[in-house]
Structure formats: C-alpha cells, structure tokens
Amino acid sequence: MHRLVAFGCSNTYGEALENPQEQAWPSVLAKMLNYECVNLSYPGSSPRYAVYKMQKFDFKKTDLVVVLWPEVSRYCCIQEDDSVKHIGIWYYSKDKKTKNIYEEMFTKKHAECDFDLFDSYAKMLFKNKNIKYFDYVGPYFWLDKKKYKMELLDYGSDGRHPGVKSHKNFAQYVYKNIKDNQ
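Now for a description of the structure that goes with this document. Small disclaimer: the values here were computed from a predicted structure and weren't measured.

### Notes on the environment of L29
Logical step 1: One can find L29 in helix α3 (residues 25-33).
Logical step 2: Since its relative accessible area comes to 0%, L29 is described here as buried.
Logical step 3: Residue contacts for L29: discarding those within four places in its chain leaves L4, V66, A171, V174, Y175 and I178.

Structure representation (structure tokens):
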C-alpha cells in the first residue's frame, strides 16, 4: 500500500482535536487517497526537527511526502544520543537560558537563512530519491512566504490550534494539488 508521510508540528499532529489520529489533516488526506498514514509530526517542533526526521526515516519509492512546515522561530538542539530539546518562544517564561538565546542570536534574517536551507534540503532530498513531495506553510508562519497557508476556519479545544474544519479544508486543498500534479 502507498504511504502518505507527513511532517510538521502541532498543526500537523492535530493538537487540540478530539481524535487527532482520525481528524488531523494527514489522516483525512490519506483516507482520500486510500493511502496508509505515517504522521511523523511533533507538537512544538521546528523546521530543523522536521529535516532531522526526514534524514532518519526509511522512505519507499511509492511514498508521498507532505510537509506543513513548523514555525521558523522555533529551534531544536539534537544531542549525541539522538534526544532532542525543542526550543521556542513558549519557553520564555520558564527558561531564562532560552530567552537569552532568542534575544542574542535569533533574528528574522537568521530564520530566513535557516528556513531556506531546510526547504532547499527537503526539495533536493526527495528529488534525489524520486519521491513525490509537497510542502506548505502553517497558519502561524513567521516569514512572509508565497506558499499557501493553512486557513483557520475553526479552532480546536484550546482555542489556538486548527479545528476539524480547518484540517479537512487543508486536506482537500492538498488533495487537489496532488491530483493536479499527476
């Protein structure tokens, strides 16, 4: 069976949905395509983490990869033992060290440079593997990219993450793009 392999953050995971395994856009899209769903997203992840997961995953030639890029103001530190510390602005109030990193190092230019590297790497990776690849940016994407952004038509139970309608709408949008590019 063909697989839909999805990467992203909480907006791909289905955070704040009653049943993320069924209601998140990767599951909805996989059902529309009659594919197996492999959702490798992680709430709070960064583009760096998505690329790290891409490097470690065992892809098949028949896979279809869809990325809803996480917010570029996030970062992660990957340790020698493969453990990961996710860093984002939500840690400001809890972690003085993270706040200092953001204030001294993180700029819009830094984010643009990193994202361009991650985006280019992903495109090259899947082109070299001859695997179909589609990528988009999420509703809270910090950089002004010209890619489609997941629309927020409704919200999940936390009032911040996309709701069921938003996930379904995004899945339909990606489905149309896939069909238009066959």
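The structure having been displayed, the exposition proceeds.
### Side note on the pattern of salt bridges
Logical step 1: Here the structure, examined in full by the defined rule, presents six salt bridges.
Logical step 2: Across the salt bridge formed by K123 and D119, the nearest N and O atoms sit 3.0 Å from each other. A residue pair is termed a helical-turn pair when its members lie 3 or 4 positions apart in one helix, as K123 and D119 do in helix α6 (residues 108-128) at four residues.
Logical step 3: Taking the relative accessible area as the measure of exposure, K123 reaches 39% and is therefore partly exposed.
Logical step 4: The exposure class of D119 is buried, given its relative accessible area of 9%.
Logical step 5: Of the charged contacts in the structure, one is a salt bridge between K176 and D180, with a shortest N-O distance of 2.7 Å. Of this pair, K176 and D180 both sit in helix α7 (residues 164-180), separated by four residues, roughly a single helical turn.

Procedures and definitions
- Residues numbered from 1 in each chain as written.
- Predicted model: local features only at pLDDT ≥ 70, side-chain atom pairs only at ≥ 80, totals over all residues.
- Heavy atoms only, no water.
- Helix = DSSP H or I, 4+ residues; strand = E, 2+ residues; numbered from the N terminus.
- Buried < 20%, exposed > 50% of the residue type's maximum accessible area, 1.4 Å probe, protein only.
- Contact = heavy atoms within 4.5 Å.
- Salt bridge = Lys/Arg side-chain N within 4 Å of Asp/Glu carboxyl O.

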